[in-house]
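Now for the letters of each chain:
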Amino acid sequence: MNVSLILIILLVGAFATYLAGDKLASKVALFFGLAAAGCSIVLLNHFNLGENISCNSQWITLPKVSFALQADGLSLAMVLLTTVLTAIIILSSFGNEFKNAKSIYALILFMSFAMTGTFLASDGLLYYIFWELSLIPIYFIALIWGNGDAEERKKAVVKFFIYTLAGSLFMLVAFVYMYQKAGSFLIEDLYKLDLTINEQKWIFTAFFLAYAIKIPLIPFHTWQANVYQKAPTLGTMLLSGIMLKMGLYSLIRWQLPLTPLAAKEYMFIFIGVGIAGVIYGSIVALRQKDLKKLLAYSSLAHVGLIAAGTYTLTLDGFRGAVLQMIAHGFVVVGLFFAAEIIFRRYETRLISEMGGIRSQSPKFTSMFLILVLASVALPTTFNFIGEFTVLYSLSQINIWFAILGGTTIILGAYYMLKMFQHVMLGETNTKLFADVTFSEGVTMVFIIAVLFFFGMYPKPINDLITPSLETILNTINKYN
């Protein structure tokens, strides 16, 4: 099966959504979002049957660039995450009315197209093009349909755009340098390069700048909270649920296998950077009065732990990181959607102006509590599997890394449950809180079902990703 079919569906969907007009845009976008999710499941079935799911054709003669797409277990897991969450995000927006709806829904599908291409690309320059293409839709989504003061929003979005674009240019320079050595941008040719330790250090740093801004890791996180707050909720979902996973995925796919000697030399430093993000994000989250900002800093803490797991250079670290990427994608989309449901009724994101929702909507309260407990890695939820595996990998390197990394669970439980108490409990609010609609309920129930199913039975994802991660780890250990 030609893997490019999924990209064609998303790209055609973007144009079809725009041409459908404002009234039909959301429904057409949902149709193509579901079609892309269905196609990714079909791809998975073909992959499980042992078929080679790839596409490789000459694109540019000089420099030698191929339109090369390769789907292994790791990239398929990320494609499934992208397409399924895209459909969920579109469905979750049905309770909102957007001016020029055809444009925002077309941009969502185009962004999904670019992110899917990033996960599938096996040519360095093609990967870079998809990487940059994904930045354009979210820039316009946040700028045009965002919240709050227009000038403040513009400053936050432009800062995000410049930061990520500038970081990506370092990665491009690294690709050009490696092309001069290998005569090809194909990932298998780049993996074969015999780079000196000094060359690897420079390339490692160039990739790190691009990925640390995108994820983000401290001290490159300064754009994140403001953009998450100012963007419309569907934009925040796209950023936190999928886009930041591009950076985490790329650590495993590109940075570490291309620079194994540098990765081993810098291991302790960058594990420390990840854990510092866990502690910093958790402490800052404690002080937040805006619900979206609290969730933004909570996300910063969780991705810091994921990054720390990848830098352990162990199979458990890689596996735990990928499991947590997927789990985090679902739970953070669910939490931001819950914040949006509250905003639709109370028209505020200030925690102090909420409260008393439980007595008016016990169903929503129960669903929100489950998402909060999943976020703090309660056993039987998907996040527990990922976080436990990452912490175990950190303990293999140094027990103190695991102890410090575990603060994400301890502090996370404190600030998330405290937030739940202020938002949901207390005396009945004077403002009316209408019960969840059918589309809101379907979205929340689906997310919760995924978190429980894979929390109790992660084997399908483990079996899918492990062979790919073992291959990458063998590439990293080729110098041993």
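Fair warning: this is a prediction, and the values are worked out from it, not measured in the lab.

## Remarks on the UniProt feature "domain: NADH:quinone oxidoreductase/Mrp antiporter transmembrane" (unreviewed entry) in the chain
Moving on, step 1. With numbering matched to this structure, UniProt assigns "domain: NADH:quinone oxidoreductase/Mrp antiporter transmembrane" (unreviewed entry) to residues 122-407.
Moving on, step 2. Structurally, residues 122-407 comprises 79% helix and 0% strand, and the distance from its first C-alpha atom to its last is 37 Å.

## Section: the side chain of Thr381
Moving on, step 1. The topology assignment puts Thr381 in the loop between helix 16 (362-375) and helix 17 (382-397).
Moving on, step 2. When residues no more than four places from it in sequence are discounted, the contact partners of Thr381 are Leu373, Ala374, Leu451, Phe452 and Gly455.

## Overview of the environment of Ala182
Moving on, step 1. With respect to the helices, strands and loops of the structure, Ala182 is situated in helix 7 (residues 150-182).
Moving on, step 2. Between the C-alpha atom of Ala182 and that of Leu193, which follows or precedes it by 11 residues, the distance is 6.6 Å.

## As for empty space enclosed by the protein
Unoccupied space between atoms shows up once a probe the size of one water molecule is rolled over them.
Moving on, step 1. Applying the stated criterion across every chain, the model contains three cavities of 30 Å³ or more.
Moving on, step 2. Volume-wise, the largest cavity comes out at about 60 Å³.
Moving on, step 3. Every residue along the wall of the largest cavity is listed here: Leu295, Ser298, Ser299, His302, His328, Val331, Val332, Leu335, Ser375 and Asn383.
Moving on, step 4. Looking at the lining of the largest cavity, the elements that each hand over two or more residues are helix 14 (291-310) and helix 15 (315-346).
Moving on, step 5. Among the residues making up the lining of the largest cavity, the classes are represented as four nonpolar, six polar and no charged.

## A short note on the environment of Gln200
Moving on, step 1. With respect to the helices and strands, Gln200 occurs in helix 9 (residues 197-214).
Moving on, step 2. For Gln200, a relative accessible area of 0% puts it in the buried group.
Moving on, step 3. From its side chain, Gln200 meets the backbone oxygen of Leu195 in a polar contact 3.3 Å long.

## A few points about the nonpolar core
Moving on, step 1. Core analysis: the biggest nonpolar cluster contains 182 residues, and Phe207, Tyr211, Phe330, Ile342 and Phe364 have the highest contact counts within it.
Moving on, step 2. If one sorts the elements of this core by residue count, helix 15 sits on top with 19 residues.
Moving on, step 3. Excluding residues within four positions of it along the chain, Tyr211 makes contact with Tyr127, Trp131, Met171, Gly247, Ser250, Leu251, Trp254 and Gln255.

## Things to note about a nonpolar patch on the surface
Moving on, step 1. There is a patch of nonpolar side chains on the surface, built from Leu5, Ile8 and Val12 and spanning about 240 Å² of accessible area.
Moving on, step 2. By the element assignment, Ile8 lies in helix 1 (residues 4-20).

## Considering the pattern of salt bridges
Moving on, step 1. Overall, the coordinates contain 10 salt bridges when judged by the stated rule.
Moving on, step 2. Note that Asp72 and Arg253 form a salt bridge whose closest N and O atoms lie 2.7 Å from each other. You can see Asp72 sitting in the loop between strand 2 (65-70) and helix 3 (73-92) and its partner Arg253 sitting in helix 11 (residues 233-258), a full 181 residues away along the chain. For the pair Asp72 and Arg253, a shared accessibility class is recorded, and that class is buried.

## Observations concerning the packing of helix 6 (residues 135-145) against helix 7
Moving on, step 1. Relative orientation of the contacting elements helix 6 and helix 7 amounts to 170°, with a least axis distance of 9 Å. One finds that helix 6 runs roughly antiparallel with respect to helix 7. Only Arg153, Lys154, Val157, Val158, Phe160, Phe161, Thr164 and Leu165 of helix 7 make contact with helix 6, whose side of the interface consists of Leu135, Ile138, Tyr139, Ala142, Leu143 and Ile144.

## Comments concerning the layout of surface pockets
Moving on, step 1. Taken as a whole, the largest pocket encloses approximately 440 Å³ of empty space.
Moving on, step 2. In terms of lining, the largest pocket is formed by 26 residues, of which the most central are Gln70, Asp72, Ile187, Arg253 and Thr471.
Moving on, step 3. Secondary structure elements with two or more residues in the lining of the largest pocket: strand 1 (54-60), strand 2, helix 4 (101-120), helix 8 (187-191), helix 11 and helix 21 (459-476).
Moving on, step 4. Top element by residues in the lining of the largest pocket is helix 21. It accounts for seven residues.

## Brief notes about helix 13 (residues 267-286)
Moving on, step 1. If you check helix 13, its first and last C-alpha atoms are 29 Å apart, about what 20 residues at 1.5 Å a residue would give, namely 28 Å.
Moving on, step 2. For helix 13, the set of buried residues is Met267, Phe270, Ile271, Val273, Gly274, Ile275, Gly277, Val278, Gly281, Ser282, Val284 and Ala285.

## Considerations on helix 16
Moving on, step 1. The end-to-end C-alpha distance of helix 16, which contains 14 residues, comes to 20 Å, matching closely the 20 Å that a straight helix rising 1.5 Å per residue would cover.
Moving on, step 2. Within the span of helix 16, buried status applies to Phe364, Thr365, Met367, Phe368, Leu371, Val372, Ala374 and Ser375.
Moving on, step 3. For helix 16, the secondary structure elements touched by its buried residues are helix 14, helix 15, helix 17, helix 19 (407-424) and helix 20 (438-456).
Moving on, step 4. Ala377 sits one or two positions beyond helix 16 and adopts a positive phi of about 65°.

## What to know about the packing of aromatic side chains
Moving on, step 1. Under the counting rule described, the total for this entry stands at 35 aromatic pairs.
Moving on, step 2. When the ring of Phe453 is compared with that of Phe454, the centres are 5.0 Å apart and the planes differ by 85°; the resulting orientation is edge-to-face.
Moving on, step 3. Clustering of aromatic rings is evident, with ring pairs tying together Tyr127, Trp131, Phe175, Phe207, Tyr211 and Trp254.
Moving on, step 4. We note Lys102 situated over the ring of Tyr18; from NZ or CZ to the ring centre the distance is 4.7 Å.
Moving on, step 5. Looking at Arg345, its charged tip hangs above the ring of Phe433, at a distance of 5.2 Å from the centre.

Calculation rules
- Residues numbered from 1 in each chain as written.
- Predicted model: local features only at pLDDT ≥ 70, side-chain atom pairs only at ≥ 80, totals over all residues.
- Heavy atoms only, no water.
- UniProt positions renumbered as here; feature names shortened; annotations may be inferred.
- Helix = DSSP H or I, 4+ residues; strand = E, 2+ residues; numbered from the N terminus.
- Contact = heavy atoms within 4.5 Å.
- 1 Å grid on protein atoms, 1.4 Å probe; cavity = no way out; pocket = protein on both sides within 12 Å on 5 of 7 lines; lining within 4 Å.
- Points joined across faces, edges and corners; volume = space filled by probe spheres on them.
- Nonpolar A, V, L, I, M, F, W, Y, C, P; charged D, E, K, R; others polar.
- Buried < 20%, exposed > 50% of the residue type's maximum accessible area, 1.4 Å probe, protein only.
- Polar contact = N/O pair within 3.5 Å; in protein donor to acceptor, adjacent residues only side chain to side chain.
- Core = buried A, V, L, I, M, F, W, Y, C linked by side-chain atoms within 4.5 Å.
- Patch = residues over 30% accessible without salt bridge, like charges linked within 9 Å, V, L, I, M, F, W, Y side chains within 5 Å.
- Areas by Shrake-Rupley, 256 points an atom, 1.4 Å probe, with all protein chains shown as cover.
- Salt bridge = Lys/Arg side-chain N within 4 Å of Asp/Glu carboxyl O.
- Axes fitted to C-alpha atoms, helices over the stretch in contact; angles between N-to-C directions.
- Parallel < 35°, antiparallel > 145°, perpendicular 65-115°, else oblique.
- Expected span 1.5 Å × (residues − 1).
- Phe/Tyr/Trp six-rings, centres within 6.5 Å; stacked < 30°, edge-to-face > 60°.
- Lys NZ or Arg CZ within 6 Å of the ring centre and 35° of its normal.

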